[in-house]
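Per-entry structural report
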There are 2 protein chains.
Amino acid sequence: MAETPRPDEDDLMLAELPAGEGARPDDRIDDERMDEENTLKPGYIRAIQDGLDAGDKQAVYELVEPLHPADIADLLELLSRDERHELAAAITDLMSSEVVAELNDYVREDMMESLPAASVALIAEQLDTDDAVQLIEDLDEDDQQAILAELDAEDRIAIETALGYPEETAGRLMSRDFVAVPEHMTVGQLIDFLRDGHELPEDFFEIFVVDAGHHPVGTCQLSWILRTPRAIALGDVMKRDQTLIPAMLDQEEVALMFQKYGLISAAVIDDSGRLVGQMTVDDVVHIISEEAGEDTLLLSGAGEGDINEPIRDAYSARVRWLVANLGTALVASLIIAAFGAAIEQLVALAVLMPIVASIGGNAGTQTMAVTVRAIATNQLTRSNTRRILWREMRVGMLNGATIALLVGAATAVIFGPTLGVVIALAMVINVFVAGMAGVLVPVAFERLDQDPAVASSVFVTMITDSMGFFAFLGLAVLSGIAG
Amino acid sequence: MAETPRPDEDDLMLAELPAGEGARPDDRIDDERMDEENTLKPGYIRAIQDGLDAGDKQAVYELVEPLHPADIADLLELLSRDERHELAAAITDLMSSEVVAELNDYVREDMMESLPAASVALIAEQLDTDDAVQLIEDLDEDDQQAILAELDAEDRIAIETALGYPEETAGRLMSRDFVAVPEHMTVGQLIDFLRDGHELPEDFFEIFVVDAGHHPVGTCQLSWILRTPRAIALGDVMKRDQTLIPAMLDQEEVALMFQKYGLISAAVIDDSGRLVGQMTVDDVVHIISEEAGEDTLLLSGAGEGDINEPIRDAYSARVRWLVANLGTALVASLIIAAFGAAIEQLVALAVLMPIVASIGGNAGTQTMAVTVRAIATNQLTRSNTRRILWREMRVGMLNGATIALLVGAATAVIFGPTLGVVIALAMVINVFVAGMAGVLVPVAFERLDQDPAVASSVFVTMITDSMGFFAFLGLAVLSGIAG
């Protein structure tokens, strides 16, 4: 195991310093501006807001100047819309392309729309193609054209090519900037070639080895090259088996590949197998957290659910699901209405029925969340669906029995044994059904090539509500205590 | 913009191949075994299951042999517990440390428990410390000791040091294997040093430059070194401003730092600022998706929510929240009970009341999900809480008004205008309150240093249920149509 302190490290331990001495504070965690969670302190933000209110651009500039671009982006997001534009005006030469690239999509879009096409084009030219594409892909057609017109031919073509790929595919997200060399090149020739200072990517993590037709034949991690003598040919250093990403592959699948194979970067190929770009993990991490976080929001029916989303968008995204939920609630109401007579006769039914429905809904949501995550991470496939369904049915039975005992006993004491038995049975049935629905509904959507996170909740809730009211009121009538 | 095809690339375009020719299928997406989502095909799995049933180890071995270790891990996870152990026995020499490292925690734990300590120790010795730690940290104390006893001193010390740090901290997760060299070293000396073939990490992405006390003073991306002449000192190549990760930092914060600053690897320092390890992005991507996915499960009250979690664990994790939910449902029932007379008099109230509660609950969940995500991604801080609250209150008013109109009109038609007005008002109130609760409850938990994803749902649901029944039934009584 290569884990223990290595000789070369020990050699460096020239002098043992007493603990505490010589500790270096990290510039990225500085205590005046950042808290321990590495977010900007409220006091610091307030100082900037005061500066903006006072119109003291100089003071504001000095406050913001030491920040990392990613933190300037955070700062802009934390401010209100108006403050944002004031700040941008106050720190124009700090508004680097890195800052723009780090901005939340909605905030970036809003800020770009307020700029003339020429200025946006100027920013786009500073950015890597993938960031430049992000910058303009959300703008409306006219703005896009206006900006593209301002760009020089090379950049325009690069961006237009990227925009030619569907959104959220590798082709749209990849960087067109990578190092590709022929197999016969030696390590020494490669190093000389790199030192010759050709126009290279700022950072790169692997060297792609390609054939005459520009098809990838292998890849070399930079660390392998650094440890290999000059005379060796790349063909003898490279790994031939590499993960190639089709340009049309969806970003979610790209992210799963990077996770599964622990990739740092990977070659993107067009449908003729030619190397056309690379994806690097620093872009993929954003996709991973986006895709994983998305489910939380979709399951709740909150759409994009970004706090920077314009209110009208948030409204239309959410009200849609509330209306859908209204439909499911209506079904439940109809079932209750059918038992109106029983309720009139025994109002305890009206008092207790929400408990059965609510617990069932909760149990269904639990199973649904587990199922949706398992599908999203490719853990749940056709191969193990039956096993997982059976697993959830057993969990459902255990949960149902436990809750039924509690509710049944309490109800029996307060409203008498019959109603106690009725609610206990209804609870077992509903929690069990909830467990099945929690698996089957998302799986069904997946099989229909629908995103299981989007509409599963509505259906699961409808099933658990209706079943809850129906089982409880129905059993009450059967038991003869009402209706 | 450095994006356009570069001369060195063009030079390689010796011959343009007609599209389609020479395309190389990726070994990782092979069509017999993997589907387009890069998961193992059910038919392939079935073939392996048949082989296991038939006891034909040879056939099984040949089927599995071509798989990437990560895919063998997936395969094991897709099989049932018994099949897993049969398969492991059939492919012993394919069960490499990479496979074990890629296994789901629960599956790994289960498989390790069935092995003698000596064999687990043998596997641990193959693994990097961070993976070895993962392997044994979940085992119970005795097994851990038994395995540690089997390890040679070096490995044991490394693992025990790691276990000395709290779970989910950088110190526990970091790799102790990195390259650190002194500032005065030149690029040439470094390359020679690396070529001397000291025991080096298999892959590394940056060189840490340290002082005599082993404190980081700067960092060099390998790509910078490759393009720099031999004579230049590392001190002139390195970036002095680097992100240093305190060994005690929680993994969630580590993940956010990697995302925010687009890191590939970063130095981990102890509390005396000394370089003690490094974290690389390939480990962090797992944390990112884990942390982001976690919220989906926690919000639903499904605990860990892993489909490989033992049933008893899943049961105890979930039933806890169902019981809590029982408490909140009880509160709602008490409110209904208080209006028993009104319901007896006008059963329509019992029919309609679940609608008010259910829509309110749904609206609350939407806002809550948005808030929890925003807190988890450091987008929502004390600096903008008030602004976001106001935003959600406005969305709540819009949603409430819309639904109120629909429900009110329909109710007015069926049950008369008074009840229509009553339910419309109740709906506006409840959806508005839901919006406020959806922000304030998670924020309150965050301020109390509790994970907002864990208990927010229960409280938000309680508020929306109770408020829904109370507003609707209360207004009905006030309106004089019942009670």
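The rules we used
- Residues numbered from 1 in each chain as written.
- Chains lettered and ligands numbered in written order.
- Predicted model: local features only at pLDDT ≥ 70, side-chain atom pairs only at ≥ 80, totals over all residues.
- Heavy atoms only, no water.
- Helix = DSSP H or I, 4+ residues; strand = E, 2+ residues; numbered from the N terminus.
- Contact = heavy atoms within 4.5 Å.
- Areas by Shrake-Rupley, 256 points an atom, 1.4 Å probe, with all protein chains shown as cover.
- Lys, Arg positive; Asp, Glu negative; His and termini not counted.
- Charge placed at Lys NZ, Arg CZ, Asp CG, Glu CD.
- Buried < 20%, exposed > 50% of the residue type's maximum accessible area, 1.4 Å probe, protein only.
- Least-squares fit on C-alpha atoms with pLDDT ≥ 70 in both.
- Axes fitted to C-alpha atoms, helices over the stretch in contact; angles between N-to-C directions.
- Parallel < 35°, antiparallel > 145°, perpendicular 65-115°, else oblique.
- Nonpolar A, V, L, I, M, F, W, Y, C, P; charged D, E, K, R; others polar.
- Patch = residues over 30% accessible without salt bridge, like charges linked within 9 Å, V, L, I, M, F, W, Y side chains within 5 Å.
- Salt bridge = Lys/Arg side-chain N within 4 Å of Asp/Glu carboxyl O.
- Polar contact = N/O pair within 3.5 Å; in protein donor to acceptor, adjacent residues only side chain to side chain.
- Pairing = 2+ DSSP bridges.
- Phe/Tyr/Trp six-rings, centres within 6.5 Å; stacked < 30°, edge-to-face > 60°.
- UniProt positions renumbered as here; feature names shortened; annotations may be inferred.
- pLDDT = per-residue confidence, 0-100.
- Domains from an automatic or database assignment.
- Buried area = accessible area lost by both parts, 1.4 Å probe.
- Core = buried A, V, L, I, M, F, W, Y, C linked by side-chain atoms within 4.5 Å.
- Expected span 1.5 Å × (residues − 1).
- Bend = angle between axes of the 7 residues up to and from the residue.

**Some words on the overall build of chain A**
The number of helices and strands found in chain A is 23 helices and six strands. Taken along its principal axes, the extent of the C-alpha atoms in chain A is 90 × 65 × 60 Å. Taking all contacts inside chain A whose residues are at least 6 apart in sequence as the whole, residues at least 24 apart take part in 64%. For chain A, the computed accessible surface area is about 18,400 Å², with 56% contributed by carbon and sulfur atoms. A distance of 8 Å separates the average location of the 30 positive side-chain charges in chain A from that of its 82 negative side-chain charges.

**With respect to unusual backbone geometry**
Residue and element names in this part refer to chain B. Here Glu168, not a glycine, exhibits a phi torsion of approximately 60°, which is positive. Given the relative accessible area of 32%, Glu168 is considered partly exposed. Despite not being glycine, His214 has its phi angle at roughly 65°, a positive value. Position of His214 relative to the elements: it lies in the loop between β2 (206-210) and β3 (216-221).

**Observations concerning the relation of the copies chain B and chain A**
Mapping chain B onto chain A calls for a rotation angle of 180° and an axial translation of 0.0 Å; the resulting RMSD is 0.1 Å. Interpreted geometrically, this transformation is the action of a two-fold axis. Among all C-alpha atoms of chain B, that of Thr296(B) lies closest to the rotation axis, at 2.2 Å. Looking at the interface residues of chain B, 99% of them are also at the interface in chain A, so both copies use one shared face.

**Focus: the packing of helix α2 (residues 42-53) of chain A against helix α5 (residues 81-90) of chain A**
Residue and element names in this part refer to chain A. Their axes nearest at 10 Å, the elements α2 and α5 cross at an angle of 75°. Here α2 is positioned roughly perpendicular relative to α5, judged by the angle of their axes. Contacts between α2 and α5 involve Ile48, Gln49 and Leu52 from the first element and Glu83, Glu86 and Leu87 from the second. A per-class count over the contact of α2 with α5 returns three nonpolar, one polar and two charged.

**Comments concerning a negative patch on the surface**
All names here are of chain A. On the surface, Glu98, Glu102, Asp128, Glu202 and Asp203 cluster together into a patch of negative charge. Residue placement: Asp203 occurs in the loop between α13 (187-195) and β2 (206-210). Asp203 gets classed as partly exposed once you look at its relative accessible area, which sits at 31%.

**Here's the deal with the environment of Ser223(A)**
Note on placement: Ser223(A) falls in helix α14 (residues 222-226). A residue is classified by how much of its surface remains accessible, and Ser223(A), at 1% relative accessible area, is buried. In the structure, Ser223(A) is positioned 18 residues away from Phe205(A) in sequence and 8.6 Å away in space, judged by C-alpha atoms. If we skip the residues at most four places from it in the chain, Ser223(A) touches Glu202(B), Asp203(B), Phe204(B) and Leu222(B).

**Structural notes on the interface of chain B and chain A**
With 187 residues of chain B at the interface, the matching set in chain A holds 186 residues. For the pair chain B and chain A, the interface holds six salt bridges. Between Asp71(A) and Lys260(B) there is a salt bridge whose closest N-O contact spans 2.4 Å. The interface formed by chain B and chain A contains 37 residue pairs in polar contact (both at pLDDT 80 or more). With 16 residues, helix α20 (residues 348-376) of chain B is the largest single contributor of residues to the side of chain B that touches chain A.

**What to know about the sheet that holds strand β6 (residues 275-280) of chain B**
Residues and elements named next belong to chain B. Read across the sheet, three strands follow the order β4-β5-β6 without closing on themselves; strand pairing throughout is mixed. Every interior strand has two partners, whereas the edge strands, β4 (244-246) and β6, have only one. Adjacent strand axes in the sheet meet at a mean angle of 35°, parallel and antiparallel pairs treated alike. Of the pairings in the sheet, the one linking strand β5 (residues 265-269) to β6 comprises five bridges and is antiparallel in character. By the bridge assignment for β6, Ile269 is matched with Leu275. Contacts from helix α16 (residues 251-261) reach β4, β5 and β6, with the element oriented near 170° to β4.

**Some remarks on the pairing of β6(B)**
Within β6(B), five of the six residues are buried, leaving the element largely enclosed by the surrounding structure. Hairpin connection from β5(B) to β6(B): five residues lie between these consecutive antiparallel strands, with Gly273(B) at a positive phi of about 75°.

**Things to note about the packing of aromatic side chains**
One pass over the full model with this rule turns up six aromatic pairs over all chains. With centroids separated by 5.6 Å and ring planes inclined at 65°, the aromatic side chains of Phe445(A) and Phe459(A) adopt a geometry described as edge-to-face. Of this pair, Phe445(A) sits in helix α22 (residues 417-447) while Phe459(A) sits in helix α23 (residues 452-479), placing them 14 residues apart in sequence. For Phe445(A), a relative accessible area of 15% puts it in the buried group. Plain terms: the ring middles of Phe339(B) and Phe470(B) are 6.3 Å apart, the flat faces sit at 65° to each other, and that makes the pair edge-to-face. Highlighted residues: Phe339(B) in the loop between α18 (311-338) and α19 (340-345) and Phe470(B) in helix α23 (residues 452-479), separated in sequence by 131 residues. Overall, the relative accessible area of 15% leaves Phe339(B) in the buried class.

**A look at the UniProt feature "domain: CBS" (unreviewed entry) in chain A**
Here, the residues flagged by UniProt with the feature "domain: CBS" (unreviewed entry) are residues 238-296 of chain A. Taken end to end, residues 238-296 of chain A is 46% helix and 24% strand, and its first and last C-alpha atoms sit 41 Å apart.

**Here's the deal with the sheet that holds strand β1 (residues 180-182) of chain B**
Pairing between the strands of a sheet comes from backbone hydrogen bonds, and it takes one of two forms, parallel or antiparallel. Residues and elements named next belong to chain B. Strand order in the open sheet formed by three strands is β1-β2-β3, and the pairing between neighbours is mixed. One side of each edge strand has no neighbouring strand; the edge strands of this open sheet are β1 and β3. Strand-to-strand twist across the sheet, computed as the mean angle between neighbouring axes with direction ignored, equals 35°.

**Section: the UniProt feature "transmembrane region" (unreviewed entry) in chain A**
Residues and elements named next belong to chain A. Residues given the UniProt feature "transmembrane region" (unreviewed entry) here are residues 321-343, 349-376, 397-415, 421-445 and 457-482. The span residues 397-415 shows a helical share of 100% and a strand share of 0%, and its end C-alpha atoms are spaced 25 Å apart. Annotated as residues 457-482, this span is 88% helix and 0% strand, and its ends, taken at the C-alpha atoms, are 32 Å apart.

**Structural notes on a nonpolar patch on the surface**
Residues and elements named next belong to chain A. Taken together, the side chains of Val413, Ile414 and Phe415 present a nonpolar region at the surface, about 330 Å² in accessible area. As for its placement among the helices and strands, Val413 is situated in helix α21 (residues 385-415). Its relative accessible area of 72% is what places Val413 among the exposed residues.

**A look at the confidence of the model for chain A**
Residue and element names in this part refer to chain A. Residues with a pLDDT of 70 or more make up 94% of chain A, whose mean pLDDT is 88. Within chain A, α22 carries the highest mean pLDDT (96), whereas helix α1 (residues 7-12) carries the lowest (37). Throughout residues 1-29 the model reports pLDDT below 50, and contacts reaching past four residues in sequence, or to other chains, amount to 79 contacts.

**A closer look at the domain arrangement of chain A**
Put simply, an interface is often sized by how much accessible area is lost when its parts join up. Residues and elements named next belong to chain A. The domain boundaries assigned to chain A delineate domain 1 (9-168), domain 2 (180-299) and domain 3 (311-479). One C-alpha centre belongs to domain 2, the other to domain 3; they are set 48 Å apart. Taken together, the seven residues of domain 2 in the interface contact 11 residues of domain 3. For the pair domain 2 and domain 3, the summed buried area comes to about 730 Å², and 54% of that belongs to carbon and sulfur atoms. Broken down residue by residue, the surface that domain 2 buries against domain 3 is led by Asp295, Leu298 and Leu299, which jointly contribute 67%. Between the two partners, domain 2 and domain 3, sit one salt bridge.

**Side note on the side chain of Glu137(B)**
Relative to the helices and strands, Glu137(B) resides in helix α9 (residues 129-137). Ignoring any residue separated from it by four or fewer positions in sequence, one finds Glu137(B) in contact with Gln144(B), Leu163(B), Glu167(B) and Arg172(B).

**Regarding the nonpolar core**
With 96 residues, the main nonpolar core has Val64(A), Leu87(A), Val64(B) and Leu87(B) as its most contacted residues. Those residues in contact with Leu87(B), other than ones at most four positions away along the chain, are Ile48(B), Leu52(B), Val60(B), Val64(B), Leu75(B), Leu76(B) and Leu79(B). Counting 78 residues, the second largest nonpolar core, distinct from the first, contains Ala404(A), Leu419(A), Ala329(B) and Ile355(B).

**Here we look at α22(A)**
Residue and element names in this part refer to chain A. A rise of 1.5 Å per residue sets the reference length of α22, with its 31 residues, at 45 Å; its end C-alpha atoms lie 45 Å apart and thus fit the reference within 8%. Its maximal kink placed at Ala437, α22 deviates by approximately 25°. Directly beyond the C-terminal end of α22, a positive phi value near 60° is found at Asp449.

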